[in-house]
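# Structural overview
If you want the building blocks of each chain, they are given just below.
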Amino acid sequence: MTEPDYVLINRAHWDKHAHEWIAGGERAWGAEPAWGMWQIPDAELNLLPENMAGMRAVELGCGTGYISAWMARRGASVVGIDNSERQLATAQRLAAEHGIDIDFIHGNAERVRFDDESFDFAVSEYGVAIWADPLKWIPEAHRVLKPGSRLVFLGNHPLTMLVQDFRSDEPLTRTLMEPYFGLHRVDWDDGTDQGVEFNLTISDWISLFHFTGFDIVSYHELQAPAPGNEIRFYVSQDWAHDYPSEQVWNLRKR
Ligand SMILES: C[S@@+](CC[C@H](N)C(=O)[O-])C[C@H]1O[C@@H](n2cnc3c(N)ncnc32)[C@H](O)[C@@H]1O
(Lines give C-alpha, C1' and ligand atoms only; values in the text may rest on other atoms or scores of the structure.)
Protein backbone atom coordinates (compact mmCIF):
# COMPACT_ATOMS: atom_id res chain seq x y z
CA MET A 1 0.00 0.00 0.00
CA THR A 2 1.33 3.48 -0.82
CA GLU A 3 2.12 5.79 2.08
CA PRO A 4 1.20 9.49 2.34
CA ASP A 5 3.83 11.92 1.00
CA TYR A 6 4.92 13.05 4.49
CA VAL A 7 5.64 9.45 5.60
CA LEU A 8 8.05 9.07 2.66
CA ILE A 9 9.63 12.51 3.23
CA ASN A 10 10.13 11.74 6.92
CA ARG A 11 11.47 8.25 6.15
CA ALA A 12 14.14 9.77 3.90
CA HIS A 13 14.97 12.33 6.64
CA TRP A 14 15.36 9.69 9.36
CA ASP A 15 17.28 7.22 7.21
CA LYS A 16 19.70 10.06 6.34
CA HIS A 17 20.13 11.19 9.96
CA ALA A 18 19.94 7.89 11.86
CA HIS A 19 23.71 7.81 12.42
CA GLU A 20 23.48 11.06 14.43
CA TRP A 21 21.17 9.39 16.97
CA ILE A 22 23.31 6.34 17.70
CA ALA A 23 25.34 7.82 20.59
CA GLY A 24 22.24 9.27 22.31
CA GLY A 25 20.42 5.98 21.86
CA GLU A 26 23.32 4.04 23.37
CA ARG A 27 23.36 6.35 26.41
CA ALA A 28 19.60 6.18 26.93
CA TRP A 29 19.55 2.39 26.67
CA GLY A 30 21.82 2.23 29.72
CA ALA A 31 20.16 5.07 31.69
CA GLU A 32 17.27 5.41 34.11
CA PRO A 33 14.07 6.66 32.36
CA ALA A 34 14.13 10.44 31.82
CA TRP A 35 11.98 12.39 29.36
CA GLY A 36 12.48 14.86 26.58
CA MET A 37 15.27 17.31 25.84
CA TRP A 38 15.49 18.48 29.46
CA GLN A 39 15.74 14.91 30.76
CA ILE A 40 13.07 15.17 33.45
CA PRO A 41 13.27 11.92 35.47
CA ASP A 42 10.33 9.53 35.20
CA ALA A 43 10.39 9.45 39.00
CA GLU A 44 9.14 13.08 38.78
CA LEU A 45 6.61 12.71 35.94
CA ASN A 46 5.41 9.14 36.67
CA LEU A 47 4.57 8.38 33.05
CA LEU A 48 5.66 4.73 32.91
CA PRO A 49 3.99 2.14 35.15
CA GLU A 50 6.48 1.02 37.84
CA ASN A 51 5.66 -2.64 37.28
CA MET A 52 4.80 -3.69 33.72
CA ALA A 53 4.89 -7.45 34.31
CA GLY A 54 2.28 -9.16 32.17
CA MET A 55 1.60 -6.01 30.12
CA ARG A 56 1.85 -5.79 26.34
CA ALA A 57 3.27 -2.38 25.36
CA VAL A 58 3.82 -0.63 22.04
CA GLU A 59 6.15 2.28 21.20
CA LEU A 60 4.95 4.27 18.18
CA GLY A 61 7.97 5.70 16.37
CA CYS A 62 10.53 3.99 18.60
CA GLY A 63 13.73 5.28 16.93
CA THR A 64 16.69 3.69 18.70
CA GLY A 65 14.27 1.90 21.03
CA TYR A 66 15.37 3.03 24.49
CA ILE A 67 11.81 3.53 25.83
CA SER A 68 11.01 0.05 24.57
CA ALA A 69 14.02 -1.15 26.58
CA TRP A 70 12.87 0.67 29.75
CA MET A 71 9.44 -0.96 29.43
CA ALA A 72 10.90 -4.41 28.78
CA ARG A 73 13.10 -4.06 31.89
CA ARG A 74 9.93 -3.29 33.88
CA GLY A 75 8.50 -6.61 32.73
CA ALA A 76 6.45 -5.73 29.63
CA SER A 77 6.39 -7.64 26.39
CA VAL A 78 7.20 -4.85 23.91
CA VAL A 79 6.66 -4.01 20.25
CA GLY A 80 8.52 -1.01 18.77
CA ILE A 81 7.36 0.35 15.40
CA ASP A 82 9.37 2.79 13.31
CA ASN A 83 9.26 4.30 9.83
CA SER A 84 13.09 4.22 9.39
CA GLU A 85 14.96 0.96 8.78
CA ARG A 86 18.24 2.67 9.74
CA GLN A 87 16.88 3.72 13.15
CA LEU A 88 15.63 0.16 13.67
CA ALA A 89 19.05 -1.26 12.80
CA THR A 90 20.46 0.63 15.83
CA ALA A 91 17.53 -0.49 18.00
CA GLN A 92 18.04 -4.12 17.00
CA ARG A 93 21.79 -4.00 17.62
CA LEU A 94 21.30 -2.46 21.07
CA ALA A 95 18.62 -5.01 21.98
CA ALA A 96 21.05 -7.82 21.11
CA GLU A 97 23.90 -6.18 23.08
CA HIS A 98 21.69 -5.71 26.16
CA GLY A 99 20.16 -9.19 25.85
CA ILE A 100 16.61 -7.74 25.75
CA ASP A 101 13.94 -9.31 23.58
CA ILE A 102 11.84 -6.65 21.76
CA ASP A 103 9.81 -7.07 18.59
CA PHE A 104 10.92 -4.22 16.29
CA ILE A 105 8.76 -3.63 13.21
CA HIS A 106 9.31 -1.38 10.21
CA GLY A 107 6.27 0.62 9.14
CA ASN A 108 4.04 3.65 9.45
CA ALA A 109 2.55 3.61 12.95
CA GLU A 110 -0.53 5.51 11.74
CA ARG A 111 -1.72 2.09 10.54
CA VAL A 112 -0.50 -1.03 12.32
CA ARG A 113 -1.16 -4.69 11.73
CA PHE A 114 -2.33 -5.51 15.25
CA ASP A 115 -5.82 -6.57 16.29
CA ASP A 116 -8.19 -4.26 18.14
CA GLU A 117 -7.54 -4.06 21.90
CA SER A 118 -4.23 -5.93 21.83
CA PHE A 119 -2.09 -3.61 24.01
CA ASP A 120 -2.11 -2.49 27.67
CA PHE A 121 0.09 0.60 27.17
CA ALA A 122 1.21 2.81 24.26
CA VAL A 123 3.90 5.49 24.23
CA SER A 124 5.66 7.89 21.91
CA GLU A 125 8.42 10.38 22.62
CA TYR A 126 9.02 12.56 19.55
CA GLY A 127 7.95 9.60 17.36
CA VAL A 128 4.43 9.68 15.92
CA ALA A 129 3.91 12.32 18.61
CA ILE A 130 5.31 14.91 16.18
CA TRP A 131 6.06 13.17 12.84
CA ALA A 132 2.67 11.62 12.06
CA ASP A 133 -0.82 13.02 11.56
CA PRO A 134 -2.64 12.99 14.91
CA LEU A 135 -5.96 12.71 13.09
CA LYS A 136 -4.73 9.26 11.97
CA TRP A 137 -2.41 7.94 14.65
CA ILE A 138 -4.49 8.89 17.71
CA PRO A 139 -7.54 6.86 16.50
CA GLU A 140 -5.17 3.99 15.56
CA ALA A 141 -3.58 3.98 19.03
CA HIS A 142 -7.09 4.01 20.49
CA ARG A 143 -8.06 1.00 18.35
CA VAL A 144 -5.17 -1.21 19.47
CA LEU A 145 -5.40 -0.31 23.18
CA LYS A 146 -7.61 -2.23 25.61
CA PRO A 147 -10.28 -0.14 27.39
CA GLY A 148 -8.81 1.47 30.51
CA SER A 149 -5.24 1.43 29.08
CA ARG A 150 -3.04 4.50 28.80
CA LEU A 151 -1.48 6.35 25.88
CA VAL A 152 1.40 8.66 26.87
CA PHE A 153 3.11 10.91 24.36
CA LEU A 154 5.65 13.73 24.48
CA GLY A 155 6.57 16.22 21.79
CA ASN A 156 6.99 19.89 20.95
CA HIS A 157 4.66 22.29 22.72
CA PRO A 158 2.37 24.02 20.16
CA LEU A 159 3.90 27.36 21.19
CA THR A 160 7.23 26.29 19.67
CA MET A 161 5.56 26.02 16.25
CA LEU A 162 4.73 29.73 16.30
CA VAL A 163 8.12 31.20 17.08
CA GLN A 164 10.49 29.53 14.63
CA ASP A 165 11.52 30.22 11.08
CA PHE A 166 10.92 26.96 9.22
CA ARG A 167 13.35 28.02 6.46
CA SER A 168 16.37 28.06 8.78
CA ASP A 169 17.77 26.04 11.67
CA GLU A 170 17.95 29.06 14.00
CA PRO A 171 16.79 28.47 17.61
CA LEU A 172 13.33 29.46 18.81
CA THR A 173 12.72 33.20 19.03
CA ARG A 174 10.52 35.31 21.31
CA THR A 175 8.52 36.66 18.35
CA LEU A 176 5.27 35.17 17.11
CA MET A 177 5.82 34.34 13.41
CA GLU A 178 3.20 31.74 12.53
CA PRO A 179 -0.57 31.64 13.16
CA TYR A 180 -1.81 29.51 16.06
CA PHE A 181 -5.32 28.84 14.79
CA GLY A 182 -5.36 26.16 12.11
CA LEU A 183 -2.10 24.57 13.34
CA HIS A 184 -1.83 21.04 11.91
CA ARG A 185 0.74 20.07 9.24
CA VAL A 186 4.03 21.98 9.08
CA ASP A 187 6.38 21.38 6.14
CA TRP A 188 9.87 22.66 6.86
CA ASP A 189 12.93 23.08 4.69
CA ASP A 190 16.04 24.70 6.14
CA GLY A 191 17.99 24.62 2.89
CA THR A 192 19.69 21.27 3.53
CA ASP A 193 16.90 19.19 5.00
CA GLN A 194 13.17 18.69 4.69
CA GLY A 195 10.63 17.20 7.05
CA VAL A 196 6.96 17.29 7.88
CA GLU A 197 5.79 17.69 11.47
CA PHE A 198 2.37 17.90 13.02
CA ASN A 199 0.88 19.67 16.00
CA LEU A 200 -2.52 21.01 17.04
CA THR A 201 -3.86 23.86 19.11
CA ILE A 202 -4.47 22.81 22.70
CA SER A 203 -8.25 22.94 22.19
CA ASP A 204 -7.96 20.81 19.03
CA TRP A 205 -5.89 18.20 20.91
CA ILE A 206 -8.53 18.08 23.64
CA SER A 207 -11.39 17.77 21.12
CA LEU A 208 -9.54 15.00 19.27
CA PHE A 209 -9.06 13.02 22.50
CA HIS A 210 -12.67 13.55 23.50
CA PHE A 211 -14.16 12.45 20.16
CA THR A 212 -11.72 9.53 19.78
CA GLY A 213 -12.54 8.15 23.23
CA PHE A 214 -9.64 9.14 25.49
CA ASP A 215 -9.90 10.83 28.90
CA ILE A 216 -7.04 13.09 30.01
CA VAL A 217 -5.22 11.72 33.07
CA SER A 218 -2.69 14.57 33.16
CA TYR A 219 -1.14 17.23 30.93
CA HIS A 220 2.41 18.51 31.48
CA GLU A 221 4.17 21.56 30.03
CA LEU A 222 7.83 20.81 30.57
CA GLN A 223 10.24 23.50 31.75
CA ALA A 224 14.03 23.48 31.52
CA PRO A 225 15.18 22.99 35.13
CA ALA A 226 17.49 26.04 35.08
CA PRO A 227 18.15 29.07 32.86
CA GLY A 228 21.35 29.06 30.82
CA ASN A 229 22.95 29.54 27.40
CA GLU A 230 23.05 25.93 26.31
CA ILE A 231 21.10 25.19 23.10
CA ARG A 232 19.59 21.73 22.80
CA PHE A 233 18.47 21.00 19.25
CA TYR A 234 16.72 24.31 18.44
CA VAL A 235 15.83 25.54 21.94
CA SER A 236 17.91 27.56 24.38
CA GLN A 237 17.77 26.78 28.08
CA ASP A 238 16.73 30.39 28.74
CA TRP A 239 13.81 30.10 26.33
CA ALA A 240 12.65 26.80 27.79
CA HIS A 241 12.97 28.11 31.32
CA ASP A 242 10.59 30.98 30.46
CA TYR A 243 8.21 29.08 28.13
CA PRO A 244 7.16 25.44 27.67
CA SER A 245 9.16 23.80 24.88
CA GLU A 246 7.58 20.39 25.35
CA GLN A 247 4.20 18.92 26.21
CA VAL A 248 3.15 15.52 27.54
CA TRP A 249 -0.34 14.11 27.18
CA ASN A 250 -1.18 11.23 29.53
CA LEU A 251 -4.48 9.69 28.38
CA ARG A 252 -6.71 6.76 29.26
CA LYS A 253 -8.93 4.93 26.77
CA ARG A 254 -12.55 5.02 27.92
C1 LIG B 1 13.40 11.49 17.47
S2 LIG B 1 12.99 9.83 16.98
C3 LIG B 1 12.00 9.37 18.36
C4 LIG B 1 12.36 8.04 18.91
C5 LIG B 1 13.16 8.05 20.18
N6 LIG B 1 12.42 8.63 21.29
C7 LIG B 1 14.48 8.72 19.94
O8 LIG B 1 14.63 9.90 20.32
O9 LIG B 1 15.40 8.08 19.38
C10 LIG B 1 11.73 9.99 15.76
C11 LIG B 1 11.36 8.65 15.12
O12 LIG B 1 10.01 8.68 14.65
C13 LIG B 1 9.97 7.84 13.51
N14 LIG B 1 8.76 8.11 12.74
C15 LIG B 1 8.44 9.22 12.03
N16 LIG B 1 7.24 9.08 11.45
C17 LIG B 1 6.78 7.84 11.79
C18 LIG B 1 5.62 7.10 11.47
N19 LIG B 1 4.65 7.61 10.69
N20 LIG B 1 5.50 5.84 11.95
C21 LIG B 1 6.48 5.31 12.73
N22 LIG B 1 7.61 5.98 13.06
C23 LIG B 1 7.76 7.21 12.60
C24 LIG B 1 11.25 8.20 12.77
O25 LIG B 1 11.59 7.25 11.81
C26 LIG B 1 12.24 8.34 13.92
O27 LIG B 1 12.96 7.17 14.14
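Residues numbered from 1 in each chain as written. Predicted model: local features only at pLDDT ≥ 70, side-chain atom pairs only at ≥ 80, totals over all residues. Heavy atoms only, no water.

In this section: the overall build of the protein chain. For the protein chain, the count of helices and strands is nine helices and 13 strands. Against the 2.2 N^0.38 benchmark of 18 Å for 254 residues, the protein chain shows a C-alpha radius of gyration of 17 Å, consistent with a compact globule. Expressed along its principal axes, the backbone C-alpha trace of the protein chain runs to roughly 50 × 40 × 40 Å. Look at the contacts in the protein chain between residues 6 or more apart in sequence, and 70% of them connect residues 24 or more apart. Total accessible area on the protein chain is roughly 11600 Å²; 52% of this is exposed by carbon and sulfur atoms. (Helix = DSSP H or I, 4+ residues; strand = E, 2+ residues; numbered from the N terminus. Rg over C-alpha atoms; globule rule 2.2 N^0.38 Å. Contact = heavy atoms within 4.5 Å. Areas by Shrake-Rupley, 256 points an atom, 1.4 Å probe, with all protein chains shown as cover.)

Inspection of the secondary structure puts Pro 171 in the loop between strand E7 (145–156) and strand E8 (185–189). By relative accessible area, which is 26% here, Pro 171 ends up partly exposed. With 64 residues separating them along the chain, Pro 171 and Val 235 place their C-alpha atoms 5.3 Å apart. (Buried < 20%, exposed > 50% of the residue type's maximum accessible area, 1.4 Å probe, protein only.)

Another point: the side chain of His 13. Note on placement: His 13 falls in helix H1 (residues 5–17). Residue classification places His 13 among the buried positions, given a relative accessible area of 10%. Dropping the residues within four chain positions of it, His 13 is found in contact with Trp 131, Trp 188, Asp 193 and Gln 194.

Here the focus is the packing of aromatic side chains. Taken as a whole, this structure holds 16 aromatic pairs when the rule is applied. Seen in terms of ring centroids, Trp 21 and Phe 233 are 5.8 Å apart; in terms of plane orientation they differ by 10°. Their pairing is stacked. Residue Trp 21 is located in the loop between H1 and helix H2 (22–29), and its partner Phe 233 is located in the loop between strand E11 (231–232) and strand E12 (235–236); the two are separated by 212 residues in the primary sequence. Aromatic pair Phe 153 and Trp 205: ring centres 5.3 Å apart, planes at 50°, arrangement tilted. Here Phe 153 is found in strand E7, whereas its partner Trp 205 is found in helix H8 (residues 202–212), with 52 residues between them in sequence. For Phe 153, a relative accessible area of 2% corresponds to the buried category. A network of ring pairs unites the aromatic residues Trp 137, Phe 153, Trp 205, Phe 209, Tyr 219 and Trp 249 as a single cluster. Over the aromatic face of Phe 119 sits the side chain of Arg 56, whose NZ or CZ is 4.6 Å from the ring centroid. (Phe/Tyr/Trp six-rings, centres within 6.5 Å; stacked < 30°, edge-to-face > 60°. Lys NZ or Arg CZ within 6 Å of the ring centre and 35° of its normal.)

Packed helix pairs are characterised by how far apart their axes lie and by the angle those axes make with each other. It is at 11 Å that the axes of H2 and helix H5 (residues 85–98) come closest, and there the two elements cross at 35°. Where H2 crosses over H5, the two elements pack in a sense that is right-handed. Contact with H2, carried on its side by Ile 22, Gly 25, Glu 26 and Trp 29, involves Thr 90, Ala 91, Arg 93, Leu 94, Ala 95 and His 98 of H5 and no other residues of that element. (Axes fitted to C-alpha atoms, helices over the stretch in contact; angles between N-to-C directions. Left-handed = near helix turned anticlockwise from the far one by under 90°.)

With that out of the way, let us pick up the pairing of E8. Judged by which residues are buried, E8 turns out to be one-sided: Val 186 and Trp 188 face inward and are buried, whereas Arg 185, Asp 187 and Asp 189, on the alternate face, are not. Hairpin connection between E8 and strand E9 (residues 194–198): a loop of four residues separates the two successive antiparallel strands, and Gly 191 in this loop has a positive phi of roughly 100°. (Pairing = 2+ DSSP bridges.)

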